[in-house]
Amino acid sequence: MIMAAAAVRRGGSEAFFVGSQIQRRQMKIMGMTLLSPTTSSPLSSNHSNFISSSSSSSSSNSNSNSRDKHKNDDASSSFRYINDALAFFSGGSSISSRDKHKNDASSFRNIDDALAYFNHMLHRKPRPCIIQFNKLLSTIVKMRHYHDAVISLSKQMELAGLSPDSYTLHMLINCFFQLQRVDLGFSVLAKIIKLGLQLTIVTFNTLINGLCKAGKFGQAVELFDDMVARGCQPDVHTYTTIINGLCKIGETAAAAGLFKKMGEAGCQPDVVTYSTIIDSLCKDRRVNEALDIFSYMKAKGISPNIFTYNSLIQGLCNFSQWREASAMLNEMMSLNIMPNVVTFSLLINIFCKEGNVFEAQGVLKTMTEMGVEPNVVTYSSLMNGYSLQVEVVQARKLFDVMITKGCKPDVFSYNILINGYCKAKRIGEAKQLFNEMIHQGLTPDIVSYNTLIDGLCQLGRLREAHDLFNNMLANGNLPDLCTYSILLDGFCKQGYLANAFRLFRAMQSTYLKPNMVMYNILIDATCKSGNLKEARKLFSELFVQGLQPNVQIYTTIINGLCKEGLLDEALEAFRNMEEDGCPPNEFSYNVIIRGFLQHKDESRAVQLIGEMREKGFVADAGTTA
DNA sequence: ACATGAGTCT
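Anyway, here's the lowdown on the structure attached to this text.

Procedures and definitions
- Residues numbered from 1 in each chain as written.
- Chains lettered and ligands numbered in written order.
- Predicted model: local features only at pLDDT ≥ 70, side-chain atom pairs only at ≥ 80, totals over all residues.
- Heavy atoms only, no water.
- Helix = DSSP H or I, 4+ residues; strand = E, 2+ residues; numbered from the N terminus.
- Contact = heavy atoms within 4.5 Å.
- Areas by Shrake-Rupley, 256 points an atom, 1.4 Å probe, with all protein chains shown as cover.
- Near = heavy atom within 4 Å.
- Polar contact = N/O pair within 3.5 Å; in protein donor to acceptor, adjacent residues only side chain to side chain.
- Nonpolar A, V, L, I, M, F, W, Y, C, P; charged D, E, K, R; others polar.
- Axes fitted to C-alpha atoms, helices over the stretch in contact; angles between N-to-C directions.
- Parallel < 35°, antiparallel > 145°, perpendicular 65-115°, else oblique.
- Left-handed = near helix turned anticlockwise from the far one by under 90°.
- Salt bridge = Lys/Arg side-chain N within 4 Å of Asp/Glu carboxyl O.
- Buried < 20%, exposed > 50% of the residue type's maximum accessible area, 1.4 Å probe, protein only.

Next up on the list: the overall build of chain A. Along chain A, the regular secondary structure elements total 33 helices and 0 strands. Residue pairs in contact within chain A that sit at least 24 positions apart in sequence constitute 65% of those at least 6 positions apart. Carbon together with sulfur atoms contributes 55% to the accessible area of chain A, which is approximately 30300 Å² in total.

Moving on, we come to the protein's contact with DNA strand B. By nearness alone, 61 residues border DNA strand B, and Asp 270, Asn 415, Asn 450, Ser 485 and Asn 520 come closest of all. Counted by atom, the contact set of DNA strand B within 4 Å of the protein is 45% sugar and phosphate. The side chain of Asp 480 places a nitrogen or oxygen atom 2.8 Å from a base nitrogen of DNA strand B. Across the surface near DNA strand B, the residue classes tally to 16 nonpolar, 30 polar and 15 charged.

On to the packing of helix H10 (residues 217-229) against helix H11 (residues 236-248), then. Remark: H10 packs on H11, axes separated minimally by 11 Å, with the N-to-C direction vectors making an angle of 155 degrees. One way to sum up the angle between H10 and H11 is to call them roughly antiparallel. The way H10 lies across H11 gives a crossing that is left-handed. Residues Phe 217, Ala 220, Val 221, Phe 224 and Met 227 of H10 form the contact with H11, whose participating residues are Thr 238, Tyr 239, Ile 242, Gly 245 and Leu 246. Among the residues forming the contact of H10 with H11, the class breakdown is 8 nonpolar, 2 polar and no charged.

What the rule picks out here adds up to 22 salt bridges. For Arg 181, the salt bridge goes to Asp 183, with nearest N and O atoms at 2.9 Å. On the basis of relative accessibility, which here comes to 45%, the residue Asp 183 falls in the partly exposed class. The partner of Glu 611 in a salt bridge is Arg 575, and the shortest N-O contact between them spans 2.9 Å. Pair noted here: Glu 611 is in helix H32 (residues 602-614) and Arg 575 is in helix H30 (residues 567-579), with a separation of 36 residues, a long-range link. When its relative accessible area of 18% is taken as the criterion, Glu 611 is described as buried. A residue is classified by how much of its surface remains accessible, and Arg 575, at 36% relative accessible area, is partly exposed. Connected via shared salt-bridge partners are Asp 284, Arg 286 and Glu 289.

Cis geometry is found at the peptide bond from Lys 125 to Pro 126, where omega equals -5 degrees. Residue position: Pro 126 is located in the loop between helix H4 (111-123) and helix H5 (130-142). For Arg 285, which is not glycine, the phi dihedral falls at a positive 65 degrees. Here Arg 285 is to be found in the loop between helix H13 (271-283) and helix H14 (287-299). Overall, Arg 285 belongs to the partly exposed group, its relative accessible area being 45%. The backbone phi angle of Ser 320 is positive, close to 55 degrees, even though this residue is not glycine. Relative accessible area serves as the criterion here: at 4%, Ser 320 is assigned to the buried category.

Right under this line is the structure:
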């Protein structure tokens, strides 16, 4: 009965290219050509429908995506495929040695070397031309984190009587936008005009990109329309930049629309456009559609690059499709595109999230052998792996190794380590790191606060958690949904349900809308307090808020029903999960089986255990015991 | 113009 409301179905998610009949027919033809042995990857079959406009096929597509999330490989061999793929190549020569030191401007080991070289150039007689300076500045821009340095260098250049050209000024616009100084970015535009330099498509593209990066997407679109109105034709960069912006704010349908439009305007999408869309689809959990676009672009004669492959490898890994991910890796390497630091880092991250730090260490070793230098992301990912395993000592060791290797920890690295100490219940050291990071000139962000607040809540130190919450507000950080969830859970776990509900209602009067995690916390708490009536009320409230129950919510409710001995209703809810688009996971099975066992209904428990094994799920200790 | 890492719930 409680599930009646759940019959409200999620509308089928829109296929990427809505209403594009012509493209659909093309795709079918391409699909067949791609099956030829030379061009086919093991991945190119069975991913139809991405360009379909029919709602039935698109909704079945999105469902099949979520079904695919089931582990399709034996857990222990999950990572073997990928490591095998890497091992095949790691025996050979190292990747980067031959590409290093291509030209002297890009061979600086760090910012200090670059700055020293700048001074050398500035005082050399005769002075090198602006192009030489531009080269150096663009190298510094690529180092990231030094945009302010570029700005100050350009000032020095001007003071020394060296006039900037368009390239210099575009770079400056970039730097200002990176520093979120939109106003100063536009002041450079004024300067371009004052100097009488041409406003080119590059100028517009630079500004549009900068606005997107600074989160001013509305203004970016305005400028886009403005340049069209001025008779300046957008090029593939312009379109791709806007498409990327749309993807990043979750407007995938609009991105698809623009993609179609650019084709109609005679501007052909290139590898960057396709990679942008593929990445967005992967992040949207629409991997099958991403694979379709991947086939489609290849059929169009556009060669995927390292970005394309990295996005797809990550997308496939997130669906536990290890075999397919390693096939992708192999395909990439067979095209002589070698994995880079991003590829390795994402693999390490995925392995760590799966709880397999050992394999992740292996990847670090492999990449080092292949001559790819780990970066702060690589180290942080592995640190996170240790943290999640409550091996904070190992995480700390790696943190120190990273520093020794000249790799500066950033806010992410600190947050990860703080979380490691919190999970290990070593809150003192966590606080210490929090202070250390400030001392290092880094600013704690909302995640830093949330992590520490959660650490305190987990220890039942709600008073201190609340103090930190206030501290956070005082430092100008607005609480987000996560903050509230953490506090909500803290209250609930300590039995302060009334406080939890008060906080929940208070939050609803802010700009924040409650999400599934919060309902899950509250439903769980009310069930555990024996108030099933209130839990049902919350469950129906969820729909009013426009939310769709997910696996966790179902599992929580099933758990609650089992606790009350309402086994038939629990099973009914369990059976409804599949058709409601969130098939039960390992956790759900364990919960319901435990319920049946606790109420001595062994025959139904045994049946479910069989079913669970069939799906490749593992019964946990509490279930089998 | 495109790709990697952190925090909440069963």
